[in-house]
Amino acid sequence: MEENKDGSSAEKFLKDFGKKLDQFVVELKDAGNRAEVDLQKKYEELKASAQKLKTEAKNKERWQEMEAGLKKAGEELNNAFKAAFKKKP
């Protein structure tokens, strides 16, 4: 009778252990899914930030091109005024 009690106790322990292990696997999968969603969200945020920086850099380059063009136009206008209003001897 002693063997039956020990066998029953071991069987109960293994069943409980199996249930706990199953629950752990479920929780582990949930945690993995949450982590994947969080990482995907962060990736999308970083991707959007990179695009914004790229756009800002492009706008800055365009402004620099415009600024150089405006300086050149100003110099040409200055030269034109000097030539038009140059005192003739």
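Preceding this paragraph is the structure being described.
Let us look at the structure shown here. Keep in mind it's a predicted model, so treat the numbers as computed, not measured.

On to the overall build of the protein, then. From N to C terminus, the protein includes one helix and zero strands. Buried residues in the protein amount to 0% of all 89 residues. When the accessible surface of the protein is summed, it comes to about 9,100 Å², and 59% of that surface belongs to carbon and sulfur atoms.

Close approach of charged atoms allows side chains with opposite charge to pair. Scanning the entire structure with this criterion turns up three salt bridges. Between Lys-15 and Glu-11 there is a salt bridge; the shortest N-O distance is 3.7 Å. Taken together, the residues Lys-15 and Glu-11, both in helix α1 (residues 2–84) and four residues apart, mark about one turn of the helix. Judged by relative accessible area, Glu-11 falls into the partly exposed class, the value being 47%.

The next thing to look at is a nonpolar patch on the surface. On the surface, a nonpolar cluster with roughly 710 Å² of combined accessible area is contributed by Phe-13, Leu-14, Phe-17, Leu-21, Phe-24, Val-25 and Leu-28. Position of Phe-24 among the secondary structure elements: in helix α1. Owing to a relative accessible area of 48%, Phe-24 belongs among the partly exposed residues under this scheme.

A few words now on the packing of aromatic side chains. Per the counting criterion, the structure on display carries one aromatic pair. Relative to Phe-17, the ring of Phe-13 has its centre 6.3 Å away and its plane inclined at 15 degrees; by these criteria the two rings are stacked. Linking Phe-13 with Phe-17, this pair stays in helix α1, spanning four residues, or about one helical turn.

The rules we used
Residues numbered from 1 in each chain as written. Predicted model: local features only at pLDDT ≥ 70, side-chain atom pairs only at ≥ 80, totals over all residues. Heavy atoms only, no water. Helix = DSSP H or I, 4+ residues; strand = E, 2+ residues; numbered from the N terminus. Buried < 20%, exposed > 50% of the residue type's maximum accessible area, 1.4 Å probe, protein only. Areas by Shrake-Rupley, 256 points an atom, 1.4 Å probe, with all protein chains shown as cover. Salt bridge = Lys/Arg side-chain N within 4 Å of Asp/Glu carboxyl O. Patch = residues over 30% accessible without salt bridge, like charges linked within 9 Å, V, L, I, M, F, W, Y side chains within 5 Å. Phe/Tyr/Trp six-rings, centres within 6.5 Å; stacked < 30°, edge-to-face > 60°.

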